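# Overview (structure and organization)
The chain contents come next:
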Amino acid sequence: MTILVVATGNPGKVREMQSYLADFGWELQLKPPELDVEETEETFMSNARLKATEVAKATGEWAIADDSGLEVRALGGVPGVHSARYGTTDANRIERLLRELGDNSNRQAQFVCAVAIARPDGSIALQAEGTCPGEILKAPRGSGGFGYDPIFYVESEDMTFAEMPPETKKRLSHRGRAFQALLPQLKNLET
Ligand code: IMP
């Protein structure tokens, strides 16, 4: 089995990726904790590529990385690649976003997820991006999920991400869509 190092310190992300990649012959491993790659780029894809490349080169194994976040149209795409650093807790990230958006009638937003896989020499073998459009509510709704989920409303389901059953979120979400775009390419990859 080919080892695929996941460029994250978050075991939850490894489990989630495992579920997307279940049918492929990869053995997923968490990256070594001392190996930390800073997200210094200005796009989700550049950050995903950077993390995959650095982790592959440092471990000498195949590596997968993702970068994701929320872009709010009326705020010019903010918080974007800074979504995780927009506040210190989920609650204050949400509170800051609602405050900055105020009563603005344009509530359009999208979640974006970029995924990249690097070969052991650091070169990028595959990449894919997924987006999920929605609207920012004026107050949180629902108790599932994480991050900005309670204020992100998806019209087709008439639910926020935090109200959706996990399977529905997995199918519709930016991360789900990025993996759906990645999987057909993975089948043709020479390891
Ligand atoms: P990263 O991709 O781990 O660098 O961080 C992405 C940040 O964007 C998270 O900390 C969340 O704040 C936010 N985010 C990304 N995906 C989601 C999601 O599916 N729901 C809610 N928030 C998300």
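Structure report, in brief.

Our next topic: the overall build of the chain. Within the chain, the regular secondary structure consists of five helices and seven strands. The helix and strand sequence of the chain, counted from the amino end, reads β-α-β-α-β-α-β-β-β-β-α-α. Against the globule reference of 16 Å for 191 residues, the chain gives a C-alpha radius of gyration of 17 Å, in line with a compact fold. Every one of the 191 residues in the chain was classed for burial, and the buried ones make up 46%.

Looking now at the site of the ligand. The environment of the ligand is formed by 15 residues, the closest being K13, S68, D149, K169 and R175. A distance of 2.9 Å is found between an oxygen atom of the ligand and a side-chain nitrogen or oxygen belonging to S68. A distance of 3.1 Å separates a nitrogen atom of the ligand from a polar side-chain atom of H174. Elements that contribute at least two residues to the shell around the ligand include exactly β3 (62-72) and α5 (174-187). Residue contributions to the shell around the ligand peak at three residues, all from β3. By residue class, the composition of the shell around the ligand is four nonpolar, five polar and six charged.

What counts, and where the lines are drawn
- Every residue gets a number counted from 1 within its own chain, in the order that chain's sequence is written.
- Local features in this predicted model are restricted to residues of pLDDT 70 or higher, and side-chain atom pairs are both shown and tallied only at a pLDDT of 80 or more, whereas totals for entire chains, interfaces and linings draw on every residue.
- Computation of side-chain values covers all heavy atoms of the structure but excludes hydrogens and water.
- Elements are defined by DSSP. Helices are runs of H or I of four residues or more, strands are runs of E of two residues or more, and each kind is numbered from the N terminus.
- We compute the radius of gyration from the C-alpha atoms alone; for a globule the expected value is 2.2 Å times N to the 0.38, where N is the number of residues.
- A simple rule labels every residue: compare its accessible area, found with a 1.4 Å probe on the protein chains alone, to the largest value its type can have, and call it buried under 20%, exposed over 50%, or partly exposed in between.
- If a single non-hydrogen atom of a residue is within 4 Å of a molecule or strand, that residue counts as near it.
- Here a polar contact is taken to be a pair of N or O atoms separated by no more than 3.5 Å, where protein atoms must pair a possible hydrogen donor with a possible acceptor and residues adjacent in sequence count only if both atoms sit in side chains.
- Lys, Arg, Asp and Glu make up the charged group, whereas Ala, Val, Leu, Ile, Met, Phe, Trp, Tyr, Cys and Pro make up the nonpolar group; the residues left over, Gly among them, are polar.

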